[in-house]
Amino acid sequence: DEILFTINDSHGIAPDLVMNIANDLGWSNLTLRTGFNAEMAERHAAMAKDAAKAVSAKPLVQSVPELPSTVPLYYEDVSQQNFEASVLACLPLVGEDIPEGATHGIVLDRTCFYPEGGGQEADYGTLRCDSASHNVLDTRKVGELILHLTNGTFEVGDMIHGEIDWDRRRQLMDHHTAVHIVGGAARRLLGPHIYQAGANKSVESARLDITHHRRLRRSDLDAIESLANEVVQSVARTEKITLDRKDADRKYGFDLYQGGAPKGSDIRILRISDHDIQACGGTHHDEIGQIGSIRLVRSTAVQDGVERLHIVAGQAALDYARDQDGLLRQTGDVFGVNINDVPRTAERFFNEWKDQRKRIEQL
């Protein structure tokens, strides 16, 4: 077992491939024991948790003062881009886990900036007062305080005007809402066994890990993509409610926690009609149609029984389509054919190359 773990983790050679190589070399009785892949997945999950603890153990600031909890304005109005607030603390940043150029963590009494969490990247933007203006390079949550990582300082008591990078926030909301829609579509088409094993939402793209017993074909992805876009067109608004944990558990059950069980006694729930209902503390569109369109780029195997769906939505989906069209046009120019003839021409060139290679070897 340890040899197989080492070969996989250090050299990137999967146990199944090790078995094939060994059998080809004459080790005909060597087989992979039942349950090994599941144990390897558990081992990787444990390693990931240990790594996450090691990262989170490094403090951003030397000490966190006793301050009132930051009021998150993004739950009251997800489309709010500007706000006024008062500086409660300006803390020098320490450690290595800080963005380049960031020097201080600013604590405000209220904020529109969403801190990194739940697989969603943080908001960026600017904070300014009469005497200074600085960029917010990242936003983190420390306890009940929201820390704005800036490239400069403010004085305690300063009245601040904050403004988030709206293009970034909108794209993150496109991807976060799309992940919920795609997850619901996968459950409806593939079966109730589909469960979210992980998710990430960045500006460039989103990914959703789902449990499934086999690899997904392109036809499966096309069906999920089509249903997801039907939901975008047919469901007018999302519903956002807050329930006591006991009431939420009683009403919706275990499936409510697809993205993990949140902390605290109150549970924020996102409901997209009857398509998807989940506990989630991220930012999502009130009107789903604002997403525009959703594309499933591809799927990859994370481990046995877990498929990773790569998603683009909103402006990222338009950029992806434009890039794909550009690649097709560029390839058509290389072959000197219309883009509709590119697949057939590429196949012809490939077959001719294989035939010439065989002929060269024979000669």
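Here is a short report on the structure shown in this document. Bear in mind the structure is a predicted one, so any value in this text is a computation, not a measurement.

1. Brief notes about the sheet that holds strand β6 (residues 133–142)
Phase 1: Here six strands make up a closed barrel; going around it, the order is β2-β3-β7-β6-β5-β8 and the pairing antiparallel. Within this sheet the neighbouring strands show an average axis-to-axis angle of 45°, counted without direction.
Phase 2: Across six bridges, β6 lies against strand β7 (residues 145–150) in antiparallel orientation. Bridge pairing in β7 links Val136 to Thr150.

2. Observations concerning the packing of helix α7 (residues 315–335) against helix α8 (residues 342–362)
Phase 1: Between α7 and α8, the shortest axis-to-axis distance is 10 Å and the interhelical angle comes to 50°. Between α7 and α8, the crossing angle belongs to the class labelled oblique. As for the relative orientation of α7 and α8, their crossing is left-handed in sense. Only Val342, Thr345, Ala346 and Phe349 of α8 make contact with α7, whose side of the interface consists of Leu328, Thr331, Gly332 and Phe335.
Phase 2: Within the contact of α7 with α8, the residues separate by chemical class into five nonpolar, three polar and no charged.

3. Some remarks on the pattern of salt bridges
Phase 1: Counted by the stated rule, this structure contains 22 salt bridges.
Phase 2: Of the charged contacts in the structure, one is a salt bridge between Arg140 and Asp97, with a shortest N-O distance of 3.5 Å. Of the two residues, Arg140 sits in strand β6 while Asp97 sits in the loop between β2 (82–92) and β3 (104–108), which places them 43 residues apart along the sequence.
Phase 3: Between Arg357 and Glu361 there is a salt bridge, with the nearest N and O atoms lying 3.9 Å from each other. Of this pair, Arg357 and Glu361 are both found in helix α8, four residues apart, which corresponds to roughly one turn of the helix.
Phase 4: Classification of Arg357 as partly exposed rests on a relative accessible area of 46%.
Phase 5: A network of salt bridges, in which partner residues are shared, links Asp97, Asp138 and Arg140.

4. Overview of the side chain of Asp276
Phase 1: Structurally, the position occupied by Asp276 is in strand β13 (residues 276–279).
Phase 2: Non-local contacts of Asp276, meaning those with residues more than four positions away in its chain, are made with His180, Gly184, Arg187, Leu270 and Arg271.

5. Description of the packing of aromatic side chains
Any pair of aromatic rings gets described here by the distance separating the centres and the angle formed by the planes.
Phase 1: Counted under the stated rule, the structure contains five aromatic pairs.
Phase 2: Relative to Tyr75, the ring of Tyr74 has its centre 4.8 Å away and its plane inclined at 70°; by these criteria the two rings are edge-to-face.
Phase 3: Exposure remark for Tyr74: the relative accessible area of 5% places this residue in the buried category.
Phase 4: On the basis of relative accessible area, Tyr75 is assigned to the partly exposed category, the value being 30%.
Phase 5: Pairing Phe335 with Phe349 gives two aromatic rings, centres 4.9 Å apart and planes at 35°, and the pair type is tilted. With Phe335 in helix α7 and Phe349 in helix α8, this residue pair connects regions lying 14 residues apart in the sequence.

6. Brief notes about a nonpolar patch on the surface
Phase 1: A cluster of nonpolar side chains, contributed by Leu17, Ile21, Leu25, Trp27 and Leu30, occupies part of the molecular surface with about 520 Å² of accessible area.
Phase 2: Judged by its relative accessible area of 41%, Ile21 is partly exposed.

7. Examining the sheet that holds strand β12 (residues 266–272)
Phase 1: Taken in spatial order, the three strands line up as β11-β12-β13 in an open sheet, and their pairing is antiparallel. Two strands bound the open sheet, and with one partner strand each, they are β11 (239–244) and β13. Averaged over neighbouring strand pairs, the angle between their axes works out to 25° when direction is ignored.
Phase 2: Relative to β13, helix α4 (residues 166–190) is tilted by about 125°, and along the sheet it contacts β12 and β13.
Phase 3: Strands in contact with helix α6 (residues 245–252) are β11, β12 and β13; relative to β11, the strand with the most contacts, it is inclined by about 115°.

8. Some remarks on the environment of Arg295
Phase 1: Residue position: Arg295 is located in strand β14 (residues 294–303).
Phase 2: Not counting residues within four places of it along the chain, the set of residues in contact with Arg295 comprises Glu225, His310, Ile311, Val312, Ala317, Tyr320 and Ala321.
Phase 3: Separated by 3.5 Å, the side chains of Arg295 and Glu225 make a polar contact.

9. Some points on the layout of surface pockets
Phase 1: If you add up the space inside the second largest pocket, you get close to 200 Å³.
Phase 2: Gln171, Asp174, Gly314, Gln315 and Ala316 are the residues nearest the centre of the second largest pocket, which is lined by 14 residues in total.
Phase 3: Those elements that place two or more of their residues in the lining of the second largest pocket are α4 and α7.
Phase 4: Each residue belonging to the lining of the second largest pocket can be placed in one class, and the counts come to four nonpolar, six polar and four charged.

10. Quick look at the nonpolar core
Phase 1: Counting residues in each nonpolar core, the largest one holds 28 residues, and the members touching the most others are Ile181, Val182, Ile210, Ile294, Leu296, Leu309 and Ile311.
Phase 2: Contributing elements (two or more residues each) for this core: α4, β10 (206–211), α5 (218–234), β12, β14 and β15 (306–313).
Phase 3: Sort the elements by how many residues they give to this core and α4 lands first, with seven residues.
Phase 4: Setting aside anything within four residues of it in sequence, one finds Val182 in contact with Leu208, Ile224, Ala228, Ile294, Leu296, Leu309 and Ile311.
Phase 5: Core analysis: the second largest hydrophobic core is formed by 18 residues, Phe83, Ile106, Cys112 and Met173 among them.

11. Comments concerning the environment of Ala199
Phase 1: Looking at the element boundaries, Ala199 is found in strand β9 (residues 196–201).
Phase 2: With relative accessibility at 24%, the residue Ala199 sits in the partly exposed group.
Phase 3: Separated by eleven residues in the primary sequence, Ala199 and Ile210 have C-alpha atoms spaced 8.9 Å apart.

Reading the values: the criteria
- Residues numbered from 1 in each chain as written.
- Predicted model: local features only at pLDDT ≥ 70, side-chain atom pairs only at ≥ 80, totals over all residues.
- Heavy atoms only, no water.
- Pairing = 2+ DSSP bridges.
- Helix = DSSP H or I, 4+ residues; strand = E, 2+ residues; numbered from the N terminus.
- Axes fitted to C-alpha atoms, helices over the stretch in contact; angles between N-to-C directions.
- Parallel < 35°, antiparallel > 145°, perpendicular 65-115°, else oblique.
- Left-handed = near helix turned anticlockwise from the far one by under 90°.
- Contact = heavy atoms within 4.5 Å.
- Nonpolar A, V, L, I, M, F, W, Y, C, P; charged D, E, K, R; others polar.
- Salt bridge = Lys/Arg side-chain N within 4 Å of Asp/Glu carboxyl O.
- Buried < 20%, exposed > 50% of the residue type's maximum accessible area, 1.4 Å probe, protein only.
- Phe/Tyr/Trp six-rings, centres within 6.5 Å; stacked < 30°, edge-to-face > 60°.
- Patch = residues over 30% accessible without salt bridge, like charges linked within 9 Å, V, L, I, M, F, W, Y side chains within 5 Å.
- Areas by Shrake-Rupley, 256 points an atom, 1.4 Å probe, with all protein chains shown as cover.
- Polar contact = N/O pair within 3.5 Å; in protein donor to acceptor, adjacent residues only side chain to side chain.
- 1 Å grid on protein atoms, 1.4 Å probe; cavity = no way out; pocket = protein on both sides within 12 Å on 5 of 7 lines; lining within 4 Å.
- Points joined across faces, edges and corners; volume = space filled by probe spheres on them.
- Core = buried A, V, L, I, M, F, W, Y, C linked by side-chain atoms within 4.5 Å.

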